[in-house]
Amino acid sequence: LFALRQLQLADGSFSWWPGMRGSLYITVGVAETLQRLNMMIGEQQATKKLLDNSMKFMAGEIRKHVVELKKMETKGYRNLLPSETDMQYLYICALRKENLNNADNRYLLGLVEKHHTLFSIYGKAMMSVILSRSGNMKLAKEHLESLKQYTVYSDEMGRYFDTQRAHYSWFDYRIPTETAAIEALRLVTPGDKQTIQEMQQWLLQSKHTQQWDTPLNAVEAVYAFMDARQLQLLKQETGNAQLMLDGKPLEMTIGTSKTAVATAEKTGKTFGNLTVDKTSNDMSWGAVFAEFTQPLRD
């Protein structure tokens with residue numbers, strides 16, 4: 001955060017590189033990440049000043065966009081929509097529960113509600129959060145239901161999007177879109193735990209089988225797993241899973257990374273049946289490795 005304070009310009013903006021003018025795109029990206037951090041750990045004094053200054057800068061830039069949209073409207077343009085950056089600003093306001101009822105934001109919200117069928121999957125997820133915080137819970141839930149209809153599911157991979165409507169960025173639409181959908185479900189329909197866990201499963205599998213590609217995608221994915229409740233659970237001691245080999249408990253040791261290691265000896269050609277009883281409700285990851293010795297021939 002100290003480095004960010006050094007990079008923030010006097011008007012509250014952030015630039016692409018030191019010495020350049022402030023960029024709305026970069027400022028929105030930084031503010032979004034800081035606000036998500038606040039959602040996990042609560043607002044801190046260190047982030048409050050950074051965000052307060054950035055919000056003032058962004059509000060001024062968004063006002064310019066609204067003026068342009070209104071000019072286009074008077075000229076007869078139809079299906080006008082807030083830009084992706086405008087939507088991200090509304091989304092940050094929604095997370096902060098502030099400024100959604102001022103004139104500029106009400107105008108943008110009106111466009112969102114009027115042309116809500118034109119948005120991408122990522123846009124639908126952001127819209128659900130924005131609409132729920134602005135009081136239109138009915139439309140927010142409709143968007144979430146529509147969003148879920150674009151998902152596919154498999155036992156191995158979990159639930160994810162396999163459609164070009166899920167585009168987000170020039171590099172990788174998958175992780176940011178999945179994260180936005182998980183967040184929307186968590187905030188708007190927190191009782192839908194099954195869908196949330198299935199989508200988290202895909203994120204975990206994408207790390208296990210491939211990678212999370214960029215530092216930004218890694219931050220997105222971590223946020224999809226971590227909320228205030230889950231961070232609290234990390235601080236608590238939870239029971240270990242019980243491992244049974246042919247009905248007999250296996251002795252376990254816990255390493256510094258909280259990885260359970262079990263060892264057993266078995267005579268004969270096969271090891272038998274291994275069962276794992278996990279008592280916690282949160283997502284876990286495990287693997288089984290088998291070692292054996294075999295006599296060598298001369």
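The rules behind these values
Residues numbered from 1 in each chain as written. Predicted model: local features only at pLDDT ≥ 70, side-chain atom pairs only at ≥ 80, totals over all residues. Heavy atoms only, no water. Phe/Tyr/Trp six-rings, centres within 6.5 Å; stacked < 30°, edge-to-face > 60°. Helix = DSSP H or I, 4+ residues; strand = E, 2+ residues; numbered from the N terminus. Buried < 20%, exposed > 50% of the residue type's maximum accessible area, 1.4 Å probe, protein only. Lys NZ or Arg CZ within 6 Å of the ring centre and 35° of its normal. Axes fitted to C-alpha atoms, helices over the stretch in contact; angles between N-to-C directions. Parallel < 35°, antiparallel > 145°, perpendicular 65-115°, else oblique. Left-handed = near helix turned anticlockwise from the far one by under 90°. Contact = heavy atoms within 4.5 Å. Nonpolar A, V, L, I, M, F, W, Y, C, P; charged D, E, K, R; others polar. Salt bridge = Lys/Arg side-chain N within 4 Å of Asp/Glu carboxyl O.

## Considerations on the packing of aromatic side chains
Enumeration according to the criterion identifies two aromatic pairs in this entry. A centroid spacing of 5.8 Å and a plane angle of 10 degrees characterise the contact between Trp 16 and Tyr 25, whose relative ring orientation is stacked. Pairing Tyr 160 with Trp 202 gives two aromatic rings, centres 6.1 Å apart and planes at 20 degrees, and the pair type is stacked. Taken together, the positions of Tyr 160 in strand β4 (residues 158-161) and Trp 202 in helix α9 (residues 193-209) put the pair 42 residues apart, joining distant regions of the chain. For the pair Tyr 160 and Trp 202, a shared accessibility class is recorded, and that class is buried. Sitting above the plane of the Tyr 107 ring, Lys 70 keeps its charged end 5.2 Å from the centroid. Over the ring of Tyr 223 we find Arg 186; its NZ or CZ atom is 5.7 Å from the centre of that ring.

## A short note on the packing of helix α3 (residues 45-74) against helix α4 (residues 84-96)
Across the interface, α3 lies against α4 with an axial gap of 11 Å and an inter-helix angle of 140 degrees. The orientation of α3 relative to α4 falls into the category oblique. For the crossing formed where α3 meets α4, the hand is left-handed. Residue-level contacts link Leu 51, Asp 52, Met 55, Met 58, Ala 59, Ile 62 and His 65 of α3 to Asp 86, Tyr 89, Ile 92, Cys 93 and Arg 96 of α4. Grouping the constituent residues of the contact of α3 with α4 by class yields eight nonpolar, one polar and three charged.

## Here we look at the pattern of salt bridges
Working definition: two side chains of opposite charge can pair if their charged atoms are close together. Per the counting criterion, the structure on display carries eleven salt bridges. Taking the shortest distance from any N to any O, the salt bridge between Lys 64 and Glu 61 comes out at 3.1 Å. Here Lys 64 and its partner Glu 61 are both found in helix α3, three residues apart, which amounts to about one turn of the helix. The partner of Lys 148 in a salt bridge is Asp 192, and the shortest N-O contact between them spans 2.9 Å. Here Asp 192 lies in the loop between α8 (174-188) and α9 and Lys 148 lies in helix α7 (residues 137-149), a separation of 44 residues in the sequence.

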